[in-house]
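So you can see what is in the structure, the chains are spelled out below.
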Amino acid sequence: MKKLYLTLIAVLLFGGTFSGCRKDELGPSDIRVINKSVFTYEDVFVDTSEGTNDYGNVSPGATTGYKRFAKAYREAYIRLNINGEEYELQPVDFTYEVPLGKGKFSYELSADTLTKALSIHVTADAPL
């Protein structure tokens, strides 16, 4: 019986070690912003629910540098201004989102000035 308990404890400890490795694969994620519109994005702010970063102003067609997040997803809360008007991209929920993982990614942002809506397309750029 003692041998069974020792085996069980070893399996739990061993399994915990591997589950810890799995968590490392979920992040960090380095994110950059690409402006896919003809408008200047002012005061770009990104919140992945696992970190926040300010990207400043992003000119039309421009790409920012990468900023690190503990985890990032295919959706994020993004706030920016175009000609002094605020635009937001608000994810419904991160509960069922799968993290992008450890790597470098681009958030390609497009804006529709008629509906004041933002859209996002995520691309994987490189491993970390």
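A quick note: this is a predicted structure, and the numbers were derived from the prediction, not measured.

The rules behind the values
Within each chain, residues carry numbers counting from 1 in the order of the written sequence. Local features are withheld for residues below a pLDDT of 70 in this predicted model, meaning they are given only at 70 or higher, and side-chain atom pairs are given and counted only at 80 or more; totals for whole chains, interfaces and linings count all residues. Side-chain measures here rest on the full set of heavy atoms in the structure, leaving out hydrogens and waters. Secondary structure elements are taken from DSSP: a helix is a run of H or I of four residues or more, a strand is a run of E of two residues or more, and numbering for both begins at the N terminus. Type-normalised accessible area, obtained with a 1.4 Å probe on protein chains alone, sets the label of each residue: buried when under 20%, exposed when over 50%, and partly exposed for intermediate values. Contacts are assigned to residue pairs with any non-hydrogen atoms lying within 4.5 Å of each other. Under the convention used here, a 1.4 Å probe and the Shrake-Rupley method define accessible areas, while residue burial counts only the protein chains that appear. Stacked, tilted and edge-to-face pairs are distinguished by plane angle, under 30 degrees for stacked and over 60 for edge-to-face with tilted covering the rest, among Phe, Tyr and Trp rings (Trp via its six-membered ring) whose centres lie within 6.5 Å. Here, over-ring charges are defined by two tests on the NZ atom of lysine or the CZ atom of arginine: distance to the ring centre within 6 Å, and angle to the ring normal within 35 degrees. What pLDDT conveys is the predictor's confidence in a given residue, as a value from 0 to 100. Here a salt bridge means any side-chain nitrogen of Lys or Arg lying within 4 Å of a carboxyl oxygen belonging to Asp or Glu. Only buried residues count toward a nonpolar core, which is a set of Ala, Val, Leu, Ile, Met, Phe, Trp, Tyr and Cys residues joined through side-chain atoms within 4.5 Å. At least two DSSP bridges between two strands are needed for those strands to be called paired. For every element, the axis is a line fit to its C-alpha atoms; helices are fit only across the contacting stretch, and the angle between N-to-C directions ranges from 0 to 180 degrees.

**Concerning the overall build of the protein chain**
Reasoning step 1: Helix and strand counts for the protein chain come out as one helix and eight strands.
Reasoning step 2: Shown N-terminal to C-terminal, the secondary structure of the protein chain runs as helices and strands in the order α-β-β-β-β-β-β-β-β.
Reasoning step 3: Split into buried and exposed, the 128 residues of the protein chain put 33% on the buried side.
Reasoning step 4: For the protein chain, contacts bridging at least 24 residues in sequence account for 59% of all contacts bridging at least 6.
Reasoning step 5: A total accessible area of about 7900 Å² is found for the protein chain, and carbon and sulfur atoms account for 55% of it.

**Notes on the packing of aromatic side chains**
Reasoning step 1: One pass over the full model with this rule turns up one aromatic pair.
Reasoning step 2: Taking the centre distance of 6.3 Å and the plane angle of 65° together, the rings of phenylalanine 45 and tyrosine 77 count as edge-to-face. Taken together, the residues span a long stretch of sequence, with phenylalanine 45 in strand β2 (residues 41-47) and tyrosine 77 in strand β5 (residues 77-82) at a distance of 32 residues.
Reasoning step 3: We note lysine 67 situated over the ring of tyrosine 55; from NZ or CZ to the ring centre the distance is 5.3 Å.

**Some words on the confidence of the model for the protein chain**
Reasoning step 1: Here the protein chain shows a mean pLDDT of 87. Residues at 70 or above account for 81%.
Reasoning step 2: Below a pLDDT of 50 lies the segment residues 15-21, which in the model reaches zero contacts outside its immediate sequence neighbourhood of four places, other chains included.

**Focus: the pattern of salt bridges**
Reasoning step 1: By the definition in use, this model includes three salt bridges.
Reasoning step 2: For arginine 32, the salt bridge is made with aspartate 125, and the minimal N-O distance between the two is 3.3 Å. Separated by 93 residues along the polypeptide, arginine 32 in strand β1 (residues 29-35) and aspartate 125 in strand β8 (residues 117-126) bring together distant segments of the chain.
Reasoning step 3: Here arginine 32 falls in the partly exposed class, since its relative accessible area comes to 22%.

**Considering the nonpolar core**
Reasoning step 1: By size, the foremost hydrophobic cluster in this structure holds 22 residues, and its most contacted members are Ile31, Tyr41, Val44, Val46, Ile78, Leu80 and Tyr107.
Reasoning step 2: Secondary-structure elements contributing two or more residues to this core are β1, β2, β3 (52-58), β5, β6 (85-89), β7 (103-112) and β8.
Reasoning step 3: With four residues, β7 is the largest single contributor of residues to this core.
Reasoning step 4: Apart from the residues within four sequence positions on either side, valine 46 is in contact with Val33, Gly51, Thr52, Asn53, Tyr55, Phe69, Ala76, Tyr77, Ile78 and Tyr107.

**Focus: the sheet that holds β8**
To summarise the sheet geometry, strands pair through backbone hydrogen bonds and adopt either a parallel or an antiparallel arrangement.
Reasoning step 1: Overall, mixed pairing links the four strands, which are arranged β4-β1-β7-β8 in an open sheet. At either end of the open sheet lies a strand with only one pairing partner, and these are β4 (67-69) and β8. Going across the sheet, the axis of each strand differs from the next one's by a mean of 35°, ignoring polarity.
Reasoning step 2: Of the strand pairs in this sheet, β7 and β8 are connected by nine bridges, and their pairing is antiparallel. From the neighbouring strand, glutamate 108 faces β8, where its bridge partner is histidine 121.

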